[in-house]
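Take a look at the letters that make up each chain.
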Amino acid sequence: DNLELTLALLIIASTLPFFDTFTNYLSYLVGKRRFDLQTKYHALAQTISVFVMIVTLYLTSNIHLILLAYFLPLIITRSVLYFFTIRAIPPTTDTQEQKETLTYGKHLTAMNILGTIAGQIDKILLWKFLGPAQLAIYAFAIAIPEQLKGPLKGVGELALPKFAAQNAEEARGNLPALCRKLGIYSLILFAITIIYIVAAPYIYKLLFPLYMESVKYSQILALSLISAINVIPLAALQAQKKISAQYFLNTVQPVTAIVLMLALIPFFGIIGAVSGLVAGRLLSTVYIIGTVTYVLKKR
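Conventions we followed
Every chain is numbered independently, its residues counted from 1 as its sequence is written. At least 70 in pLDDT is required for a residue's local features to be given in this predicted model, at least 80 for side-chain atom pairs to be given and counted, and no such filter applies to totals for whole chains, interfaces and linings, which use all residues. Side-chain numbers here rest on the full set of heavy atoms in the structure, without hydrogens or water. Strands here are runs of E lasting at least two residues and helices are runs of H or I lasting at least four, both read from the DSSP assignment and numbered beginning at the N terminus. Residue contacts are counted whenever heavy atoms from the two residues lie within 4.5 Å of one another. Areas reported as accessible are Shrake-Rupley estimates using a 1.4 Å probe. Residue values count occlusion only from the protein chains shown. Counted charges follow a simple rule, with Lys and Arg positive, Asp and Glu negative, and His plus the chain ends left uncounted. Where a charge sits is defined by one atom per residue type, namely NZ (Lys), CZ (Arg), CG (Asp) or CD (Glu). Every axis in this analysis is a line fitted to C-alpha atoms, fitted for helices over the stretch in contact. Angles between the N-to-C directions lie between 0 and 180 degrees. Comment on the angle field: the value is read as roughly parallel under 35 degrees, roughly antiparallel over 145, roughly perpendicular from 65 to 115, and oblique elsewhere. Whether a crossing is left-handed or right-handed is set by the direction in which the near helix is turned from the far one by less than a right angle, anticlockwise for left-handed and clockwise for right-handed. Classification used: nonpolar for Ala, Val, Leu, Ile, Met, Phe, Trp, Tyr, Cys and Pro, charged for Asp, Glu, Lys and Arg, polar for all others including Gly. Helix span is expected to be 1.5 Å times the residue number reduced by one. Bending is quantified residue by residue as the angle between axes fitted to the seven-residue window ending at that residue and the seven-residue window starting at it. Between Lys or Arg on one side and Asp or Glu on the other, a salt bridge is scored when a side-chain nitrogen of the former is within 4 Å of a carboxyl oxygen of the latter. Between N or O atoms, a polar contact is any pair within 3.5 Å; within protein, one atom must be a potential hydrogen donor and the other a potential acceptor, and residues adjacent in sequence are included only when both atoms are from side chains.

Q: What exactly am I supposed to notice about the overall build of the protein here?
A: A tally of regular secondary structure across the protein gives 13 helices and zero strands. Written out in order from the N terminus, the α and β elements of the protein read α-α-α-α-α-α-α-α-α-α-α-α-α. Intrachain contacts of the protein at a sequence separation of at least 6 include 80% that bridge at least 24 residues. Carbon and sulfur atoms make up 69% of the accessible area of the protein, which amounts to about 17,600 Å² in all. When the 24 basic and 13 acidic side-chain charges of the protein are each reduced to a single mean position, those positions are 7 Å apart.

Right, here's the structure in full:
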């Protein structure tokens, strides 16, 4: 009987199909190694969105208008950039390559469905067992660590074209170098984690003073930042089109996350969700590195 929440969810549900679809042009630019255009286009879309959002927040507190102010500018800007980019793509006459690419794209979509569900199960269970107030505390706890992971994902985008240019033998020969890079990257992530844990109380006091209870949970969640190294070995699997290995990982990881959340949240609440998220992501790191090492070594 919550009409306000229903309408808010309706706005989100009706805009999301366009919201993410029109970002495909960024993937094309990454594949072409046009990182300059990728950065400019992304910055343009975000700048317009933030400007509209600030103006809207200044004029109204209506949550539905605020949601529209967030989604619509991004959809419009992304759609313009999307069509502008695809117009510059030269037509291909290789129908076999097109067919293989579309088939692989369908596999990538299908294998991510379970992961999408697992990515939201913690919020659903917290709402169910603890209510919206505790969910809000959890949402603010994960907010900054999740935003920190955003820029870190760019490392995988940078690595993907390089992996794609390698054949299977070259990928196997570069495995020791890949392990060294993962080691260095993990040390950098560890340093970022420590800095955030120390700075978190001050950040929340400045930005979210009403949610200081979220600080301790956010500090624990920061430990999962180490899992950001996953983007590099996953990029290697994607570039080498290792479909079976990707299906395996995209099944094992979400199932592990769902089982942990179902087991911990009903009994331990927020700390159960936090512990499950950290444990699930660290286990995923082990799965991914082990799987990639095995697949690339295999002749």
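On we go.
Q: Teacher, can you tell me more about the packing of helix α10 (residues 175-207) against helix α11 (residues 214-221) here?
A: Helix packing for two helices is described by the angle between their axes and how far apart those axes are. Relative orientation of the contacting elements α10 and α11 amounts to 155 degrees, with a least axis distance of 9 Å. The orientation of α10 relative to α11 falls into the category roughly antiparallel. Viewed along their axes, α10 and α11 form a crossing whose handedness is right-handed. Across from Y196, I197, A200, P201 and Y204 in α10, the residues of α11 making contact are S214, V215, S218 and Q219. Split into classes, the residues belonging to the contact of α10 with α11 amount to six nonpolar, three polar and no charged.

Q: Where do I start with the environment of L234 in this structure?
A: Counting through the fold element by element, L234 comes out in helix α12 (residues 231-239). Sequence separation between L234 and V255 is 21 residues; the distance between their C-alpha atoms is 18 Å.

Q: Please explain helix α13 (residues 243-297) as it appears in this structure.
A: For an α-helix the count is 3.6 residues per turn, leaving residues at separations of three or four pointing the same way. Relative to the 81 Å expected for 55 residues at 1.5 Å per residue, α13 spans just 16 Å between its end C-alpha atoms, considerably shorter than the ideal helical length. Along α13, the helix axis deviates most sharply at F268, where the bend reaches about 150 degrees.

Q: What exactly am I supposed to notice about the pattern of salt bridges here?
A: Evaluated as defined, the whole model comprises three salt bridges. The partner of D122 in a salt bridge is K123, and the shortest N-O contact between them spans 3.5 Å. The partner of E146 in a salt bridge is R281, with the nearest N and O atoms 2.8 Å apart. Of this pair, E146 sits in helix α7 (residues 132-152) while R281 is found in helix α13, placing the two residues 135 residues apart along the sequence.

Q: Quick question: what am I supposed to make of the side chain of S227 here?
A: When you line up the elements, S227 lands in the loop between α11 and α12. At a separation of 2.6 Å, a polar atom in the side chain of S227 contacts the main-chain carbonyl oxygen of S224. Look past the residues within four positions of S227 in its chain and what remains in contact with it is K149, R281 and T285.

These figures capture arrangement, not role.
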